[in-house]
Amino acid sequence: LVKNAVAWAKEMPGIVWYEHSEFGERIARDGNIPFYGPGDEAAEGILREDGTRSVVASIRAHGTGRHLHRFSRNLVANPPSDGGAWEQLLGRTHRDGQVADEVTVEVYRHTEEMRDALDKARTLAQYIEGTMGNQQRLRRAGYGW
């Protein structure tokens, strides 16, 4: 998976989102790709990125409150199971100011656990929409599987 994520990142600019630190650090190290984990320095650094190169970013550290609309391509290497976390994650690049015609998100779903995580998140997103009335990006997405 590390090799696949590195190849994805080298293909064209985008964000490789990770949940597990070791995995994200390995992608960054093996691919010589900028790494943005937790902390103030990383928070400031990722905001300076102009979208012309790929980066590796923590879902937890950069999933909320970041305007990363200069990127339009995403790879979620460790899919969260929380619908709210997905809304925040998708909202980093799919937001006002986005100049790309389309924002793409690819998700690793090669194991039962990863498929279950995304399915659970979609169910939770449906619940959020039904109870709060807030449209959820995860429910509006087109799926290619």
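Numbering of residues starts from 1 in every chain and runs along the sequence as written. Thresholds applied to this predicted model are a pLDDT of at least 70 for local features of residues and 80 or more for the giving and counting of side-chain atom pairs; totals over whole chains, interfaces and linings are not thresholded and use all residues. Calculation of side-chain values draws on the structure's entire complement of heavy atoms; hydrogens and water are dropped beforehand.

This brings us to the pattern of salt bridges. Any two side chains of opposite charge can pair, given that their charged atoms come close. Any carboxyl oxygen of Asp or Glu that lies within 4 Å of a side-chain nitrogen of Lys or Arg is treated as forming a salt bridge with it. A full pass over the atoms with the stated rule returns 5 salt bridges. Among the salt bridges present, the one from Arg-73 reaches Glu-11, with a minimum N-O distance of 3.4 Å. In this pair, Arg-73 is assigned in strand 4 (residues 73-76) and Glu-11 in helix 1 (residues 2-11), connecting sequence segments 62 residues apart. Each residue is placed in one exposure class: buried if its accessible area under a 1.4 Å probe, protein chains only, is under 20% of its type's maximum, exposed if it is over 50%, and partly exposed if it falls in between. Taking relative accessible area as the criterion, Arg-73 reaches 6% and is therefore assigned buried. Close ionic contact of Glu-19 with Arg-60 constitutes a salt bridge, the shortest N to O distance being 2.6 Å. Separated by 41 residues along the polypeptide, Glu-19 in the loop between strand 1 (15-18) and helix 2 (21-31) and Arg-60 in helix 4 (residues 59-62) bring together distant segments of the chain. Since its relative accessible area comes to 69%, Arg-60 is described here as exposed. Each helix is a run of H or I in the DSSP string that is no shorter than four residues. Each strand is a run of E no shorter than two, and both are numbered from the N terminus.

With that settled, consider the sheet that holds strand 3 (residues 55-58). By this definition, two strands are paired if DSSP reports at least two bridges between them. Overall, parallel pairing links the 5 strands, which are arranged 2-3-1-4-5 in an open sheet. The open sheet terminates on both sides in strands that have one partner only, identified here as strand 2 (35-36) and strand 5 (104-107). Relative to strand 5, strand 4 runs parallel, the two being bridged by 4 bridges. In the strand pairing of strand 5, Val-76 is matched with Val-107.

Looking now at unusual backbone geometry. If you check the backbone angles, Asn-32 has positive phi at about 55 degrees while not being a glycine. Relative to the elements of secondary structure, Asn-32 occurs in the loop between helix 2 and strand 2.

Our next topic: the packing of helix 1 against helix 2. For every element, the axis is a line fit to its C-alpha atoms; helices are fit only across the contacting stretch, and the angle between N-to-C directions ranges from 0 to 180 degrees. Where helix 1 contacts helix 2, the two axes come as close as 9 Å, and the packing angle between them is 55 degrees. In terms of their interaxial angle, helix 1 and helix 2 are classed as oblique. In this structure, the crossing between helix 1 and helix 2 has a hand that is right-handed. Note on element contacts: helix 2 touches helix 1 through Phe-23, Arg-26, Ile-27, Asp-30 and Gly-31, opposite Val-2, Ala-5, Val-6 and Lys-10. Our angle categories are set so that under 35 degrees counts as roughly parallel, over 145 as roughly antiparallel, 65 to 115 as roughly perpendicular, and the remainder as oblique. Here a crossing is taken to be left-handed if its near helix is turned anticlockwise relative to the far helix by less than a right angle, and right-handed if that turn runs clockwise. We call two residues in contact whenever any of their non-hydrogen atoms come within 4.5 Å of each other.

Okay, the side chain of Ser-58 next. Secondary-structure assignment places Ser-58 in strand 3. With a relative accessible area of 7%, Ser-58 lands in the buried category. Within polar-contact distance, the side chain of Ser-58 engages the backbone nitrogen of Ala-61 at 3.0 Å. Discounting chain neighbours no more than four positions away, the residues touching Ser-58 are Trp-17, Tyr-18, Tyr-36, Gly-37 and Gly-63. Distance and chemistry together define a polar contact, namely a pair of N or O atoms within 3.5 Å, with one atom able to donate a hydrogen and the other to accept it when in protein, and with adjacent residues in sequence counting only for side-chain atoms on both sides.

To continue, consider the environment of Asp-40. Within the element layout of this structure, Asp-40 appears in helix 3 (residues 40-48). Along the primary structure Asp-40 and Met-114 are separated by 74 residues, whereas in three dimensions their C-alpha atoms are 30 Å apart.

Here we take up the packing of aromatic side chains. Ring geometry is summarised as follows: Phe, Tyr and Trp rings, the Trp one being its six-membered ring, pair when their centres sit within 6.5 Å, and such pairs are stacked at plane angles under 30 degrees, edge-to-face over 60 and tilted between the two. Applying the stated rule across the entire model yields 1 aromatic pair. Ring plane angle 20 degrees and centroid distance 5.4 Å describe the contact between Tyr-18 and Phe-35, whose orientation is recorded as stacked. Here Tyr-18, found in strand 1, pairs with Phe-35, found in strand 2; they are 17 residues apart in sequence, far enough to count as distant. By definition, being over a ring means that NZ of Lys or CZ of Arg is both within 6 Å of the ring centre and within 35 degrees of the ring normal. The lysine or arginine in question, Arg-73, covers the ring of Trp-8, its NZ or CZ lying 3.8 Å from the ring centre.

Burial along strand 3 is two-sided: Val-55 and Ala-57 and Val-56 and Ser-58, pointing in opposite directions, are all buried. The pairing of strand 2 with strand 3 spans 2 bridges and is classified as parallel. Bridge pairing in strand 3 places Phe-35 opposite Val-56. A crossover connection joins strand 2 to the parallel strand 3 through helix 3; in handedness this β-α-β unit is right-handed. For the handedness criterion, the strands are oriented away from the viewer, and a crossover whose path from the first strand over the helix to the second runs clockwise is classed as right-handed.

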